[in-house]
Amino acid sequence: MSKMEVLSAIRQALRGAHDGYGEQQARPYPEGRDPRPYGNPGVEELWQRFLTEFDALAAYEDQRFGEAWRVGSVAEARERVASLLARDDINNVCAVPCNLVEQIVTPELRTQVKFTLTDRPETAGHALAGMDLGITDCLCLTAGTASVLVSTAKAGSRAASLLPPVHLVLAQERQLVPDIPECLDTIAATPDFPDMPAAYTFITGSSRTADIEKVLVIPAHGPRELFVLLLP
Amino acid sequence: MTPPKTCFRARTATSLTRAGLKERVQRNAWSGHLSREEAVAELPEYEDLRERARAIKLHTLDHLDRYLEQFADKVERNGGNVLFASTAKEALDYIVAVAERHGATKMVKAKSMAGEELHLNPALEAAGVEPRETDLGEFIVQLSGEPPSHIVTPVIHLTRHEIAALFVEHLGIEYTDDPQKLTAVARRVLREEFLAAPLGFSGGNFLVAETGTLVLVENEGNIRMSTTMPRVHLAVVGMEKIVPRLQDLAVFLRLLPRCGTGQKMTGYASLITGPRRADDVDGPDEFHVIVLDNGRSELLADPLKRPILSCLRCGACLNACPVYRTVSGHAYESVYPGPIGELLGPHCIGTDHGEDLPFGSSLCGACTEVCPVKIDIAHLLLHLRKEAMQTSLDLVWKAGFGAWSLVAQYPELYRTAAALAKLGLAALNSTIGEEAVPPPLSGWSHSREFPKFAKRSFDQWWDDTEGGTKDE
């Protein structure tokens, strides 16, 4: 079996190298934790940092590739969503089943467009190819990089944040964390860990490329616009 | 001596004479270098992260068998498959077998240097599977029939006009050299392929032993597409890409985007753990990870070279290297160009004729300085040069000095040998010309004039002038 072959080649390599190097001297895992000099500021400061980073990614030349909104109430959140649904280029809308979608995207809002809930395989994956907007929740948002962490846990569709040209993320203040390391802490604190769902994805800004002469182009293959709606 | 085709210096001549190439690569790679500088300068913990990244990697390599087993167990328990491949061929056979089992005729491919190392595309074509590169840069080099020239930005060597011409020729579009429009064309063409292809292929930036997770970092979304839409996801990953714990990504996800592309975070970073679960609504049904040795255990066996395996493939050393920026990637004729390629080449990783790559460096140390995991590239290059000389020239060196010491002991023999050498050189000069001294002396005379033999030897002069006491 090739597994045994490779592993025994590795063991032999490690043993051989340990002459004058010592099995017991194999280097230990580094002590302590990764450095995090940015502290743990309050929601206001985290949001300001998030917004700064988000805008730096969303504004390019004279174009705009999404917005991050912070609202004070569910009613206000519904207004923001309604404004997106009213756009001419948004007719087919999909959303992952979750509490925030239930709460914000009311039956009334859903009638404004052709609405699909990605709650079963028939209404997810390839079925989302013609969607104009995908609505998801997230596990956390990072202030330092303006990233959102989405997952497939609890029937979250992977295609909903990927195929539609516009992606709207619904989130709550308590989900704001300083940076990437805290997102990983959040994953590690889930009850099933180290079992993980099939996919987590950090999403930071719109899909982009700079392969041709280092000129930034948005979008590449994923969404053109990213919207984040932060609720209390 | 090395035949010219496999000689790095000879190959650089081709690169240096291609119109505008040097200027273009110089400009693009330098701008990559500068954005990396800015991005790491913003990070107060940068040096601490480097130190920790290095420590984690070296620890992992010292216990590589244990972590790989843990990873494989975890993937299998999540319903995925792991193949350990000693050689490229084993990996290729497995991929082709999976394709055949699914009756697949197409595969969408995300960018993977390990995939390049396998020469996967020709193998797929031979098996009747059409590979489609989906990273914009890789898509372009696939159209042009060239290999990529940089491990992060594959078409760093092409102008927008050259790219536009390729699109006109292969995709039948109206000529445009607007990167925005060209990208839109690729998006349209590839979107259909993503939705239709039964097989998706990717590399991997990290494997997490603790959770059985494959980590993929990108900007375009083509990796997400290739690993989400097709029914089957196949990944090929060098066995050194493993880290012990999920939280290690807290270090590596802060370093890799900054050092690779000068970004705080890339557009997407996917943590893929097995195929879709029973209650998932989408994602691939099958998940295969191929853990590739292909020469890596040789590096592991040498404590001095082992740190080479901690490389993240960020490409920072390419952009920092004055030689890379001058000669561009193709001169290396290796999947891995630049300083890191020079370390891997002599070990047949990325090329099978990379023995002289360690000599393609000015040893200025810029590569060592920018490496996020603190691989001492410059000193390792020096070490590899020494090794290369010991293995290839040792015999010539010993034989040469052996002959010299013999000849120098016997005056008659010495005189005869000197006379013969003089005759031989004169014969060469008259037949093929001044510079045509035989190897290994040609290494010297290639760029310098070979010193002329005196008309007579010292012995003769001594005799003629009676020890210098008599005028001639």
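Refer to the preceding data block for the structure.
Conventions adopted
Residues numbered from 1 in each chain as written. Chains lettered and ligands numbered in written order. Predicted model: local features only at pLDDT ≥ 70, side-chain atom pairs only at ≥ 80, totals over all residues. Heavy atoms only, no water. Helix = DSSP H or I, 4+ residues; strand = E, 2+ residues; numbered from the N terminus. Buried < 20%, exposed > 50% of the residue type's maximum accessible area, 1.4 Å probe, protein only. Contact = heavy atoms within 4.5 Å. Areas by Shrake-Rupley, 256 points an atom, 1.4 Å probe, with all protein chains shown as cover. Lys, Arg positive; Asp, Glu negative; His and termini not counted. Charge placed at Lys NZ, Arg CZ, Asp CG, Glu CD. Pairing = 2+ DSSP bridges. Core = buried A, V, L, I, M, F, W, Y, C linked by side-chain atoms within 4.5 Å.

## With respect to the overall build of chain A
So, step 1. A count of helices and strands for chain A gives six helices and 12 strands.
So, step 2. Overall size of chain A, expressed as C-alpha extent along the three principal axes, is 70 × 45 × 45 Å.
So, step 3. A buried classification covers 57% of the 232 residues belonging to chain A.
So, step 4. Sequence-distant contacts in chain A: of pairs separated by 6 or more residues, those separated by 24 or more amount to 72%.
So, step 5. When the accessible surface of chain A is totalled, it reaches about 9600 Å², and 50% of it is carbon and sulfur.
So, step 6. For chain A, the distance from the average position of its 21 positive side-chain charges to the average position of its 31 negative side-chain charges is 4 Å.

## Regarding the pairing of strand 6 (residues 133-136) of chain A
All names here are of chain A.
So, step 1. The two faces of strand 6 match: L133 and I135 on one face and G134 and T136 on the other face are all buried.
So, step 2. Looking at chain direction, strand 4 (residues 92-95) and strand 6 are connected through three bridges and run parallel. Counted as the bridge partner of V93 is L133 from strand 6.
So, step 3. Alignment of strand 6 against strand 9 (residues 166-172), held across four bridges, turns out to be parallel. Looking across to strand 9, one finds that L133 is bridged to V166.

## Looking at the nonpolar core
So, step 1. Residues F202(A) and L271(B) are the most contacted members of the largest nonpolar core, which totals 105 residues.
So, step 2. Element by element, the count of residues in this core is highest for helix 12 (residues 249-261) of chain B, at eight residues.
So, step 3. By size, the runner-up hydrophobic cluster in this structure holds 55 residues, among which are A95(A), L100(A), A159(A) and V185(B).

## Focus on the environment of V129(B)
Residues and elements named next belong to chain B.
So, step 1. With respect to the helices, strands and loops of the structure, V129 is situated in the loop between helix 7 (120-126) and strand 3 (130-133).
So, step 2. Sequence separation between V129 and E100 is 29 residues, and the spatial gap between their C-alpha atoms is 8.8 Å.
So, step 3. The contacts of V129, once residues within four sequence positions are left out, are A99, A104, T105, K106, M107 and L124.

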